[in-house]
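Chain residues, written in single-letter form:
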Amino acid sequence: MNEELKQELEALQILNHFLDKLIPNMETLCKELKGASKPDTLSFQKQCMDAFNWTIEIYNRIPHMSDLCGKELDKDETNQVIISLGEALKAGDGAAIAERIENGALVILHQLKEMTQAVEV
């Protein structure tokens, strides 16, 4: 196995473990944005969005994703989720942000989790 492939497999393993934490945090954020807001909700939201962006960045840096996982994310769908979420964040509408996370970002994260679990490291 060449070095680049080893690094990609290692990145997938790290991403898999990272998603174990990010997915529940995004679900908690949605609850907070829908009304169970806490004093640190905005800070927590920023951390979750930074983590989501990092996850997408890592995914985009793995050129052999479809070879390793047997599938890949739909780029147009992913871009639409990111744009829609960005618009909700810009507007500052907590309910809209929660909806975009639940029906977009979390769907992507669950797909990535399934993909990373399919890879034997």
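Scope of this entry: the structure provided in the associated data block. Here the structure is a predicted model, which means the values were calculated and not measured.

**Quick look at the overall build of the protein**
Inference 1: If you tally the helices and strands in the protein, you get five helices and zero strands.
Inference 2: Mapped in sequence order, the helices and strands of the protein form the string α-α-α-α-α.
Inference 3: The C-alpha radius of gyration computed for the protein amounts to 15 Å, which stays within 12% of the reference 14 Å derived for 121 residues, consistent with globular compactness.
Inference 4: Viewed in the frame of its principal axes, the protein has a C-alpha envelope of about 50 × 25 × 20 Å.
Inference 5: With 121 residues in all, the protein has 40% of them scored as buried.
Inference 6: At a minimum sequence separation of 6, the contacts of the protein that also span at least 24 residues come to 74%.
Inference 7: A total of about 7200 Å² of accessible surface is found on the protein, and carbon and sulfur atoms cover 49% of it.
Inference 8: Of the charged side chains in the protein, 12 are positive and 21 negative; the average position of the first set lies 5 Å away from that of the second.

**Quick word on the environment of Arg 100**
Inference 1: Counting through the fold element by element, Arg 100 comes out in helix 5 (residues 94-117).
Inference 2: For Arg 100, a relative accessible area of 25% corresponds to the partly exposed category.
Inference 3: The sequence separation of Arg 100 and Glu 87 amounts to 13 residues, and the corresponding C-alpha distance is 9.7 Å.

**Focus: the packing of helix 1 (residues 3-33) against helix 2 (residues 41-60)**
Inference 1: Running from N to C, helix 1 and helix 2 cross one another at 145°; their axes reach a closest spacing of 10 Å. Note that helix 1 runs across helix 2; the crossing there is left-handed. Together, Ile 14, Leu 15, Phe 18, Leu 19, Leu 22, Asn 25, Met 26, Thr 28, Leu 29, Glu 32 and Leu 33 of helix 1 and Thr 41, Phe 44, Gln 45, Cys 48, Met 49, Ala 51, Phe 52, Trp 54, Thr 55 and Ile 58 of helix 2 make up the contact between the two elements.
Inference 2: In terms of residue class, the contact of helix 1 with helix 2 is built from 15 nonpolar, five polar and one charged.

**Regarding the nonpolar core**
Inference 1: By size, the foremost hydrophobic cluster in this structure holds 37 residues, and its most contacted members are Met 26, Met 65, Ile 101, Leu 109 and Leu 112.
Inference 2: Where this core is concerned, the elements lending two or more residues are helix 1, helix 2, helix 3 (65-69), helix 4 (75-91) and helix 5.
Inference 3: Beyond its immediate sequence surroundings of up to four residues, Met 26 is in contact with Cys 48, Met 49, Phe 52, Ile 101, Ala 105, Leu 106 and Leu 109.

**Points about the packing of helix 1 against helix 5**
Inference 1: As a packed pair, helix 1 and helix 5 sit with axes 9 Å apart at the nearest point and diverge in direction by 160°. As the angle between them shows, helix 1 and helix 5 are arranged roughly antiparallel. Handedness of the crossing formed by helix 1 with helix 5: left-handed.
Inference 2: Counted by class, the contact of helix 1 with helix 5 contains 17 nonpolar, five polar and four charged residues.

**Side note on helix 1**
Inference 1: Under the 1.5 Å per step criterion, the end-to-end length of helix 1 is 43 Å for 31 residues, consistent within 8% with the ideal 45 Å.
Inference 2: When the local axis directions of helix 1 are compared, the greatest deviation, roughly 30°, occurs at Leu 19.
Inference 3: Downstream of helix 1 by one or two residues, Gly 35 has phi in the positive range, about 145°.

**What to know about the side chain of Thr 55**
Inference 1: Position of Thr 55 among the secondary structure elements: in helix 2.
Inference 2: Discounting residues that sit within four places of it in the chain, Thr 55 has contacts with Leu 15, Phe 18, Leu 19, Leu 22, Leu 109 and Leu 112.

Criteria and cut-off values
Residues numbered from 1 in each chain as written. Predicted model: local features only at pLDDT ≥ 70, side-chain atom pairs only at ≥ 80, totals over all residues. Heavy atoms only, no water. Helix = DSSP H or I, 4+ residues; strand = E, 2+ residues; numbered from the N terminus. Rg over C-alpha atoms; globule rule 2.2 N^0.38 Å. Buried < 20%, exposed > 50% of the residue type's maximum accessible area, 1.4 Å probe, protein only. Contact = heavy atoms within 4.5 Å. Areas by Shrake-Rupley, 256 points an atom, 1.4 Å probe, with all protein chains shown as cover. Lys, Arg positive; Asp, Glu negative; His and termini not counted. Charge placed at Lys NZ, Arg CZ, Asp CG, Glu CD. Axes fitted to C-alpha atoms, helices over the stretch in contact; angles between N-to-C directions. Left-handed = near helix turned anticlockwise from the far one by under 90°. Nonpolar A, V, L, I, M, F, W, Y, C, P; charged D, E, K, R; others polar. Core = buried A, V, L, I, M, F, W, Y, C linked by side-chain atoms within 4.5 Å. Parallel < 35°, antiparallel > 145°, perpendicular 65-115°, else oblique. Expected span 1.5 Å × (residues − 1). Bend = angle between axes of the 7 residues up to and from the residue.

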